[in-house]
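The residues making up each chain are set out below.
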Amino acid sequence: MNIKRLPDTEFELMRIIWRSEPPVTTNEIMEQLKSDISWKPQTVLTMLVRLIEKGFLESARIGRQRNYTPIINERDYMSVETGEFISRYRGNSIGSLVKTMYDGKNMTDEDLKELKKWLKERE
(Lines give C-alpha, C1' and ligand atoms only; values in the text may rest on other atoms or scores of the structure.)
Protein backbone atom coordinates (compact mmCIF):
# COMPACT_ATOMS: atom_id res chain seq x y z
CA MET A 1 0.00 0.00 0.00
CA ASN A 2 1.46 3.36 -1.04
CA ILE A 3 0.22 5.90 1.51
CA LYS A 4 1.32 9.47 0.93
CA ARG A 5 1.81 12.06 3.65
CA LEU A 6 -1.13 14.41 4.11
CA PRO A 7 -0.82 18.16 4.54
CA ASP A 8 -1.72 19.23 8.09
CA THR A 9 -5.16 20.55 7.12
CA GLU A 10 -6.18 17.32 5.38
CA PHE A 11 -4.79 15.31 8.29
CA GLU A 12 -6.97 17.30 10.71
CA LEU A 13 -10.00 16.57 8.57
CA MET A 14 -9.13 12.86 8.46
CA ARG A 15 -8.78 12.83 12.27
CA ILE A 16 -12.38 14.02 12.53
CA ILE A 17 -13.51 11.32 10.12
CA TRP A 18 -11.49 8.61 11.92
CA ARG A 19 -13.05 9.63 15.26
CA SER A 20 -16.56 9.37 13.79
CA GLU A 21 -18.71 6.31 13.21
CA PRO A 22 -18.56 5.63 9.45
CA PRO A 23 -20.06 6.64 7.18
CA VAL A 24 -19.92 10.29 8.22
CA THR A 25 -21.95 12.99 6.47
CA THR A 26 -20.77 16.39 5.35
CA ASN A 27 -23.04 17.97 7.97
CA GLU A 28 -21.52 15.84 10.75
CA ILE A 29 -18.02 16.85 9.67
CA MET A 30 -18.99 20.54 9.58
CA GLU A 31 -20.57 20.27 13.03
CA GLN A 32 -17.40 18.79 14.53
CA LEU A 33 -15.27 21.41 12.81
CA LYS A 34 -17.26 24.25 14.38
CA SER A 35 -15.86 23.45 17.80
CA ASP A 36 -12.27 23.04 16.54
CA ILE A 37 -11.61 25.01 13.37
CA SER A 38 -13.60 27.63 11.49
CA TRP A 39 -13.24 26.60 7.85
CA LYS A 40 -15.68 27.65 5.19
CA PRO A 41 -17.89 24.83 3.81
CA GLN A 42 -16.34 25.16 0.33
CA THR A 43 -12.86 24.68 1.81
CA VAL A 44 -13.98 21.49 3.56
CA LEU A 45 -15.64 20.18 0.39
CA THR A 46 -12.47 20.85 -1.62
CA MET A 47 -10.36 18.97 0.94
CA LEU A 48 -12.82 16.05 0.95
CA VAL A 49 -12.52 15.79 -2.85
CA ARG A 50 -8.72 15.77 -2.52
CA LEU A 51 -8.88 13.02 0.10
CA ILE A 52 -11.05 10.96 -2.25
CA GLU A 53 -8.58 11.53 -5.12
CA LYS A 54 -5.68 10.48 -2.85
CA GLY A 55 -7.47 7.25 -1.92
CA PHE A 56 -8.12 8.09 1.73
CA LEU A 57 -11.92 8.27 1.44
CA GLU A 58 -14.76 6.96 -0.60
CA SER A 59 -18.03 8.78 -0.88
CA ALA A 60 -21.60 7.97 -1.76
CA ARG A 61 -24.66 10.13 -2.10
CA ILE A 62 -27.67 8.94 -0.14
CA GLY A 63 -30.64 11.20 -0.75
CA ARG A 64 -29.43 14.76 -0.31
CA GLN A 65 -26.49 13.80 1.89
CA ARG A 66 -23.00 12.82 0.85
CA ASN A 67 -21.45 10.16 3.07
CA TYR A 68 -17.73 9.57 3.53
CA THR A 69 -16.05 6.36 4.62
CA PRO A 70 -12.32 6.07 5.31
CA ILE A 71 -10.43 3.63 3.08
CA ILE A 72 -7.16 4.07 4.95
CA ASN A 73 -7.46 3.67 8.70
CA GLU A 74 -5.70 5.89 11.21
CA ARG A 75 -3.38 3.15 12.45
CA ASP A 76 -2.03 2.39 8.97
CA TYR A 77 -1.53 6.08 8.23
CA MET A 78 0.22 6.78 11.53
CA SER A 79 2.49 3.77 11.02
CA VAL A 80 3.69 5.13 7.67
CA GLU A 81 3.94 8.71 8.97
CA THR A 82 5.93 7.68 12.04
CA GLY A 83 8.25 5.46 9.99
CA GLU A 84 8.99 8.29 7.57
CA PHE A 85 9.62 10.71 10.44
CA ILE A 86 12.07 8.35 12.15
CA SER A 87 13.82 7.67 8.86
CA ARG A 88 14.09 11.32 7.89
CA TYR A 89 14.96 12.93 11.20
CA ARG A 90 16.43 10.24 13.44
CA GLY A 91 18.45 8.15 10.98
CA ASN A 92 16.02 5.20 11.27
CA SER A 93 16.92 4.83 14.95
CA ILE A 94 14.02 4.43 17.34
CA GLY A 95 16.52 4.61 20.20
CA SER A 96 17.69 8.01 19.01
CA LEU A 97 14.08 9.19 18.84
CA VAL A 98 13.32 8.02 22.38
CA LYS A 99 16.53 9.59 23.71
CA THR A 100 15.69 12.91 22.06
CA MET A 101 12.19 12.85 23.51
CA TYR A 102 13.46 11.94 26.97
CA ASP A 103 16.26 14.51 26.98
CA GLY A 104 13.82 17.15 25.78
CA LYS A 105 11.52 16.35 28.72
CA ASN A 106 8.78 15.26 26.32
CA MET A 107 8.31 11.89 28.04
CA THR A 108 6.63 11.46 31.37
CA ASP A 109 7.33 8.69 33.86
CA GLU A 110 4.04 7.15 32.70
CA ASP A 111 5.30 7.21 29.09
CA LEU A 112 8.48 5.40 30.18
CA LYS A 113 6.49 2.75 32.06
CA GLU A 114 4.32 2.21 28.99
CA LEU A 115 7.41 1.91 26.77
CA LYS A 116 9.06 -0.59 29.14
CA LYS A 117 5.86 -2.66 29.25
CA TRP A 118 5.63 -2.63 25.45
CA LEU A 119 9.27 -3.72 25.11
CA LYS A 120 8.83 -6.57 27.63
CA GLU A 121 5.83 -7.87 25.69
CA ARG A 122 7.99 -8.17 22.57
CA GLU A 123 10.87 -10.09 24.21
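The structure reproduced in this document is the subject of the present report. Here the structure is a predicted model, which is why all the values come from computation and not from measurement.

**Quick notes on the sheet that holds strand E2 (residues 57-62)**
Then, number 1: With respect to topology, three strands assemble into an open sheet ordered E1-E3-E2, the strand pairing being antiparallel. Either end of the sheet is taken by a strand with one partner, and the two such strands are strand E1 (24-25) and E2.
Then, number 2: Where E1 meets strand E3 (residues 65-70), two bridges bridge the pair, whose relative direction is antiparallel. For Thr25, the partnering residue across the bridge sits in E3 and is Asn67.
Then, number 3: Seen against the sheet, helix H1 (residues 8-19) touches E1, E2 and E3 and runs at an angle of roughly 90° to E3.
Then, number 4: Contacts between helix H3 (residues 41-53) and the sheet are confined to E2 and E3, with E2 contributing the most and set at about 120° to the helix.

Rules behind the numbers
Residues numbered from 1 in each chain as written. Predicted model: local features only at pLDDT ≥ 70, side-chain atom pairs only at ≥ 80, totals over all residues. Heavy atoms only, no water. Pairing = 2+ DSSP bridges. Helix = DSSP H or I, 4+ residues; strand = E, 2+ residues; numbered from the N terminus. Contact = heavy atoms within 4.5 Å. Axes fitted to C-alpha atoms, helices over the stretch in contact; angles between N-to-C directions.

In short, the description is geometric, and any link to function would need to be established separately.
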